[in-house]
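# Observations on the three-dimensional arrangement
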Amino acid sequence: MRRALAVGLVQAVWAAGLVAGSGSAAPAAAQENPFTTTVDVRMGERLFRAQCGRCHGRDGTGNDETGAPDLTTGTFANASSDAGLFDVIRDGIDGTAMIGISPRASDQTVWQIISYVNSLNLDPEDYDLPGDVGAGRQVYNGKGNCANCHMVGGVGGRLGPDLSTVANRRDPDELRSDLLAPNEEVAPRWWTIRVTRADGSVVEGLRMNEDTFTVRIMDADESLWHFMKSQVRSTERITTSTMPGYDDLTSTEVDDLIAYLFSLRRDS
């Protein structure tokens with residue numbers, strides 16, 4: 001089922017031209033998406049990342065190597081509604097390389113994927129945020145010390161995700177959760193590894209690459225280390241977030257920081 005769903009979704013969104021391109025979608029039923037809650041978006045995100053991230057990127061911004069398009073623009077040539085997207089993904093388009101996803105996939109699964117794809121093109125005007133963008137920028141660069149680990153516009157550290165276009169993939173509620181409950185969901189890309197060398201010394205850093213025989217990490221100074229597992233005493237994988245707690249920020253400062261982060265997006 002997972003393989004069939006992966007093939008169906010990738011071909012539905014890519015080969016058939018779900019994003020701007022040629023072809024025409026089958027007529028869509030007049031139906032609204034019944035699965036649009038934050039939980040549904042997160043479930044759709046997990047499905048998308050697990051089954052389609054290799055081609056479209058984990059955040060849906062496309063992949064130059066595979067030619068998979070950017071899905072964050074909100075522009076789809078063969079569908080102008082959620083129902084249209086549903087029909088394209090579910091049924092495919094005759095005469096094209098696109099096929100529908102597995103008939104064993106539930107309608108809820110398709111709707112949740114659509115909810116996630118839609119969330120990739122969030123409109124700030126849809127949200128009435130209490131925070132102030134200017135004040136949030138000051139928190140980011142000052143008290144929050146966010147630039148120590150994160151980049152915005154090529155400036156900052158590499159120990160955390162690049163936030164230059166974070167608003168294209170995270171809504172305000174998700175940003176709040178990222179700040180206040182960072183251990184709730186940590187992607188494997190941001191796990192850390194503690195390596196104990198043969199002499200007993202310890203090196204710890206972000207898990208950049210790992211296979212059966214080797215491990216590559218980046219330490220807090222952004223220095224890269226490469227180890228043969230057979231030559232070290234032990235390796236310990238740590239799946240909690242390296243994100244610090246923000247208990248010292250006031251509720252107003254948190255609101256301001258969220259407002260600033262949600263202003264960071266790619267112009268469409």
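The present account deals with the structure reproduced in this document. Predicted model only: the values in this text are computed from it and were never measured.

Another aspect to go through is the overall build of the protein chain. Scanning the protein chain from N- to C-terminus turns up seven helices and seven strands. Reading the secondary structure of the protein chain in the N-to-C direction produces α-α-α-α-α-β-β-α-β-β-β-β-β-α. For the protein chain, the share of sequence-separated contacts (at least 6 apart) that also reach a separation of at least 24 residues comes to 63%. As presented, the protein chain carries roughly 14000 Å² of accessible surface, and 48% of it is formed by carbon and sulfur atoms.

A few words now on the sheet that holds strand β7 (residues 232–238). Overall, antiparallel pairing links the five strands, which are arranged β6-β5-β4-β3-β7 in an open sheet. The outermost strands of the open sheet, each flanked by one partner alone, are β6 (224–228) and β7. For this sheet, the mean angle separating the axes of adjacent strands, direction not counted, is 40 degrees. Sheet analysis places strand β3 (residues 192–197) next to strand β4 (residues 202–210), joined by five bridges and oriented antiparallel. Pairing of Thr-192 across the sheet is with Leu-206, part of β4.

Residues other than glycine seldom take positive phi values, yet Asn-145 does so here, at roughly 55 degrees. Its relative accessible area of 48% is what places Asn-145 among the partly exposed residues.

Counting 17 residues, the largest nonpolar core has Tyr-140, Leu-257 and Leu-261 as the members making the most contacts within it. Secondary-structure elements contributing two or more residues to this core are α5 (133–141), α6 (172–180) and α7 (251–261). With five residues, α7 is the single largest residue contributor to this core. The contact partners of Leu-261, leaving out residues within four places of it in the chain, are Tyr-140, Leu-163, Val-166, Ala-167, Leu-175 and Leu-179. Ala-79, Phe-86, Val-88 and Val-110 belong to the second-largest nonpolar core, a separate cluster that totals eight residues.

Looking now at the packing of α5 against α7. Where α5 meets α7, the closest approach of the two axes is 7 Å, and the angle between their N-to-C directions is 100 degrees. When the axes of α5 and α7 are compared, the pair comes out roughly perpendicular. Each of Val-133, Ala-135, Gly-136, Arg-137, Val-139 and Tyr-140 in α5 lies in contact with α7, whose residues at this interface are Glu-253, Asp-256, Leu-257, Ala-259, Tyr-260 and Leu-261. Per-class residue counts for the contact of α5 with α7 are eight nonpolar, one polar and three charged.

Right, let's get into the pattern of salt bridges. As enumerated under the stated definition, the model contains 13 salt bridges in all. Of the charged contacts in the structure, one is a salt bridge between Asp-178 and Arg-170, with a shortest N-O distance of 2.8 Å. Since its relative accessible area comes to 28%, Asp-178 is described here as partly exposed. By relative accessible area, Arg-170 is classed as buried at 15%.

In this section: the packing of aromatic side chains. Using the criterion set out here, one finds four aromatic pairs in the structure. Plain terms: the ring middles of Tyr-127 and Phe-262 are 5.2 Å apart, the flat faces sit at 75 degrees to each other, and that makes the pair edge-to-face. Of the two residues, Tyr-127 sits in the loop between α4 (107–119) and α5 while Phe-262 sits in the segment after α7, which places them 135 residues apart along the sequence. For Tyr-127, a relative accessible area of 32% puts it in the partly exposed group. Under the relative-accessibility criterion, Phe-262 is labelled buried at 3%. Seen in terms of ring centroids, Trp-225 and Phe-227 are 6.0 Å apart; in terms of plane orientation they differ by 5 degrees. Their pairing is stacked.

Orientation of α6 relative to α7, taken along the N-to-C sense of each, is 125 degrees, at an axis distance of 10 Å. One element, α6, and the other, α7, form an angle in the oblique class. As α6 packs across α7, the resulting crossing turns out to be right-handed. Across from Pro-172, Leu-175, Arg-176, Leu-179 and Leu-180 in α6, the residues of α7 making contact are Val-254, Asp-255, Leu-257, Ile-258 and Leu-261. A breakdown of the residues in the contact of α6 with α7 according to their chemical character gives eight nonpolar, no polar and two charged.

The next thing to look at is the environment of Arg-194. Looking at the secondary structure, you find Arg-194 in strand β3. Residue class for Arg-194 comes out partly exposed when judged on its relative accessible area of 27%. Here the alpha-carbon distance between Arg-194 and Ser-234, two residues 40 residues apart in the chain, equals 8.2 Å. Beyond its immediate sequence surroundings of up to four residues, Arg-194 is in contact with Val-202, Val-203, Glu-204, Ser-234, Thr-235, Glu-236 and Ile-238. Reaching out from Arg-194, the side chain makes a polar contact with the side chain of Glu-204 at a distance of 2.9 Å.

Criteria and thresholds
Residues numbered from 1 in each chain as written. Predicted model: local features only at pLDDT ≥ 70, side-chain atom pairs only at ≥ 80, totals over all residues. Heavy atoms only, no water. Helix = DSSP H or I, 4+ residues; strand = E, 2+ residues; numbered from the N terminus. Contact = heavy atoms within 4.5 Å. Areas by Shrake-Rupley, 256 points an atom, 1.4 Å probe, with all protein chains shown as cover. Pairing = 2+ DSSP bridges. Axes fitted to C-alpha atoms, helices over the stretch in contact; angles between N-to-C directions. Buried < 20%, exposed > 50% of the residue type's maximum accessible area, 1.4 Å probe, protein only. Core = buried A, V, L, I, M, F, W, Y, C linked by side-chain atoms within 4.5 Å. Parallel < 35°, antiparallel > 145°, perpendicular 65-115°, else oblique. Nonpolar A, V, L, I, M, F, W, Y, C, P; charged D, E, K, R; others polar. Salt bridge = Lys/Arg side-chain N within 4 Å of Asp/Glu carboxyl O. Phe/Tyr/Trp six-rings, centres within 6.5 Å; stacked < 30°, edge-to-face > 60°. Left-handed = near helix turned anticlockwise from the far one by under 90°. Polar contact = N/O pair within 3.5 Å; in protein donor to acceptor, adjacent residues only side chain to side chain.

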